[in-house]
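Topology and contacts: notes
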Amino acid sequence: MRRPQRRTVAAGRACVVLAVAVAVAAMVSPRAWWSSPERSETGSSPAFMQLDEKDGKFCGKDGDMCKCFGHVRYGRLFTWSNDVIVDGSVNCSAATFGDPMPMDVKICKCYPTICTTDMGICTPEPCMCPTSGDPSVEWAKKTLMTGDGLKCWACEKRQSTAGVADNSDSPFCPTQLGRCSTKRSCKCESKTDTKRVMKTKDGQKCWTCAPAGEGSGGGMAGQKAMFWMLPLLWPFMDLPNSIWQVMSGCRAITTFLGLCVLGYFCQTFCQFLRLDRFFSFYAPTMKKGEFWRLFTYFMLHSDLQHLCINLFHLLDALDLEGVPDMEVSPGVPLKCTRDGPIASICYPDVGIGRAHVVSIIMVVLAYGALLGTIKNFGALVQGASSVCFGVDGALIALYAMFLGAGLDQKLKIPEFGAFFWMRIGIIGFHIIIDIVQSICGAGKDTVGTMAHMASLVAGFCYVILFLPPMGKGDLFDSQQPYIIDCGLTNAKYVTMDGATKDCLAFFKRGNGVEVATAQKIALCILVGGVLVSMVNAFLKRHISDDGIACCKCGDDDKPKASAEQQQTPDSDLLALRNHIDMMRDGLTQLERLHRNMPNPDTLSPAASASQ
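Reading guide: rules and limits
Residues numbered from 1 in each chain as written. Predicted model: local features only at pLDDT ≥ 70, side-chain atom pairs only at ≥ 80, totals over all residues. Heavy atoms only, no water. UniProt positions renumbered as here; feature names shortened; annotations may be inferred. Helix = DSSP H or I, 4+ residues; strand = E, 2+ residues; numbered from the N terminus. Axes fitted to C-alpha atoms, helices over the stretch in contact; angles between N-to-C directions. Parallel < 35°, antiparallel > 145°, perpendicular 65-115°, else oblique. Left-handed = near helix turned anticlockwise from the far one by under 90°. Contact = heavy atoms within 4.5 Å. Nonpolar A, V, L, I, M, F, W, Y, C, P; charged D, E, K, R; others polar. Disulfide = S-S within 2.5 Å. Buried < 20%, exposed > 50% of the residue type's maximum accessible area, 1.4 Å probe, protein only. Pairing = 2+ DSSP bridges.

Okay, the UniProt feature "transmembrane region" (unreviewed entry) in the protein next. Per the UniProt record, "transmembrane region" (unreviewed entry) is found at residues 357-374, 386-406, 418-436, 448-467 and 518-539. Secondary structure over residues 386-406 splits into 90% helix and 0% strand, and the C-alpha atoms at its two ends are 31 Å apart. Segment residues 418-436 splits into 100% helix and 0% strand. End C-alpha atoms: 27 Å apart.

Structural data, given as structure tokens:
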């Protein structure tokens with residue numbers, strides 16, 4: 001019976017020692033003992049941290065800069081300060097966190113928050129991306145905005161751009177993809193390779209070698225250049241195959257460009273066709289029913305420079321119709337797909353299709369011609385500039401709704417929203433240049449500027465009024481993904497019926513407008529412009545067509561000239577009368593000279609012999 005007694009005595013001694021330890025700990029830090037982590041997050045007392053907490057990691061001692069994306073606590077052992085949310089770095093000091101343990105050495109511990117990786121979802125507090133197990137890809141953090149305008153963060157997969165340091169003693173830089181040497185003195189083993197600079201994941205510079213013409217060591221430089229490729233460069237990617245591929249994928253715009261080139265050729269080298277008279281837009285000819293001029297003046301251009309500018313302008317708008325089926329490189333398509341490879345370099349198809357592009361061209365041609373001649377009704381209009389600005393207006397509307405609906409966040413394409421902003425900036429630059437040219441020309445090109453701005457507005461209003469499909473269903477579930485619930489745009493929609501109404505948001509969620517309201521505004525603008533042009537044509541109906549009109553109907557119904565107009569001779573008639581008077585004076589002088597000449601029959605024989 002002695003062994004059980006010994007065990008009982010040992011257990012009793014252990015209980016006594018444990019009780020004494022608990023009492024001492026409570027006397028040393030009573031507040032830390034009774035406070036819980038949940039209470040410390042909202043209260044002002046320090047939090048007691050359990051010893052088995054494994055997610056916290058040391059990020060700096062007292063006075064250091066703690067680098068963390070998430071929550072940081074300051075203290076030591078069992079006593080810690082309240083959490084501070086950090087997005088990058090914070091000074092590990094009592095001035096920032098307070099002093100939970102005076103007179104003791106303290107440290108900072110980081111409890112990182114992992115950003116969400118789900119498409120369309122973001123984390124509302126600073127976070128960090130997870131570590132990728134695949135060295136060829138990495139998680140990259142991007143900053144987003146919620147529908148309420150709050151900042152949030154999310155992570156997306158991208159091809160790895162950071163190099164892996166190679167610590168070998170070789171004097172040559174590594175040539176393996178993604179490998180680099182931290183030795184600046186390393187050289188390329190092959191004379192055809194070029195030395196390139198990379199960075200490791202911790203930001204340290206390193207060097208690698210790659211064949212001339214290829215991208216950087218990480219491969220992202222070449223990809224980024226391809227990604228930012230404008231539609232203007234699509235026909236020149238793989239000549240001559242790329243030209244036929246663009247013509248097949250964007251038939252409406254390329255056919256329009258072909259007609260412009262054909263019209264300029266006939267206008268310059270086949271002048272006997274007199275296309276200037278038949279195709280130019282001249283507002284007074286509308287009185288005789290020559291309405292085809294509203295849609296044919298785009299084929300004529302004053303010079304080759306004018307034609308080339310319009311051609312390049314329209315080539316940069318090929319994505320309005322769609323993205324052709326072509327390859328950036330062997331096996332890599334230009335057009336993006338919803339479930340395509342993450343690292344592929346592609347261009348999302350947000351085009352509105354061939355039928356809507358043709359309709360936009362017809363609308364902007366007529367609208368620009370009618371409103372462009374309001375100030376100068378007798379101006380002769382030629383060129384395709386109205387179409388250039390009209391498709392720009394349609395692109396602005398598409399890009400604005402694309403960004404406002406947050407569709408760029410649903411795609412797996414890095415920073416495509418920024419690419420759209422760049423496209424909008426280029427269009428804005430075209431508009432500014434056109435306005436500046438008109439101002440510097442002392443208003444000489446007012447007709448052209450008014451026609452361009454009217455076409456720009458007409459293209460924008462057309463997209464709002466008809467709401468064409470965006471793409472061919474390769475990226476989004478619906479044909480009109482830019483239509484969103486009004487509850488996502490403004491807090492004023494508090495009821496279920498109001499929050500579920502269809503809205504259009506322009507550039508950002510806060511600029512939301514109901515679809516019905518936006519369409520009414522667009523319709524009023526278009527109809528108002530047509531009415532203004534009709535009133536202007538009625539007020540200036542006395543202006544003659546100067547013989548440019550092909551039809552002769554209505555010539556007998558010309559209004560009689562006023563008394564002042566009858567008294568004032570026409571310039572051509574006055575010149576003709578002056579010419580007749582000069583001819584009469586010349587004839588009078590000839591008759592006088594003929595009368596003064598001697599008659600040969602009356603001369604004497606001696607005079608005749610001498611002659």
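Direction vectors running N to C along helix α9 (residues 304-315) and helix α11 (residues 385-404) enclose 20 degrees, while the axes themselves pass 9 Å from each other. When the axis of α9 is compared with that of α11, the two are roughly parallel. Where α9 crosses over α11, the two elements pack in a sense that is left-handed. Residues H306, N310, H313 and L314 of α9 pack against S385, V387, C388, V391 and D392 of α11. A class-by-class count of the residues in the contact of α9 with α11 yields four nonpolar, four polar and one charged.

Inspection of the entire model under this criterion finds eight disulfides. Here C59 pairs with C66 through a disulfide, and the sulfurs are 1.9 Å apart. Disulfide C59-C66: the torsion about the S-S bond is -95 degrees, which places it as left-handed. By relative accessible area, which is 15% here, C59 ends up buried.

Let us now look at the sheet that holds strand β18 (residues 502-505). Within the open sheet, the three strands sit side by side as β17-β18-β19. Their pairing is antiparallel. Across the chains shown, the open sheet's two edge strands, defined by having one partner strand only, are β17 (483-485) and β19 (512-514). When the angles between neighbouring strand axes are averaged without regard to direction, this sheet yields 50 degrees. Sheet analysis places β17 next to β18, joined by three bridges and oriented antiparallel. Within β18, the residue paired with D485 across the bridge is D502. Of the strands in this sheet, β17, β18 and β19 touch helix α15 (residues 515-539), which is tilted by about 85 degrees from β19.

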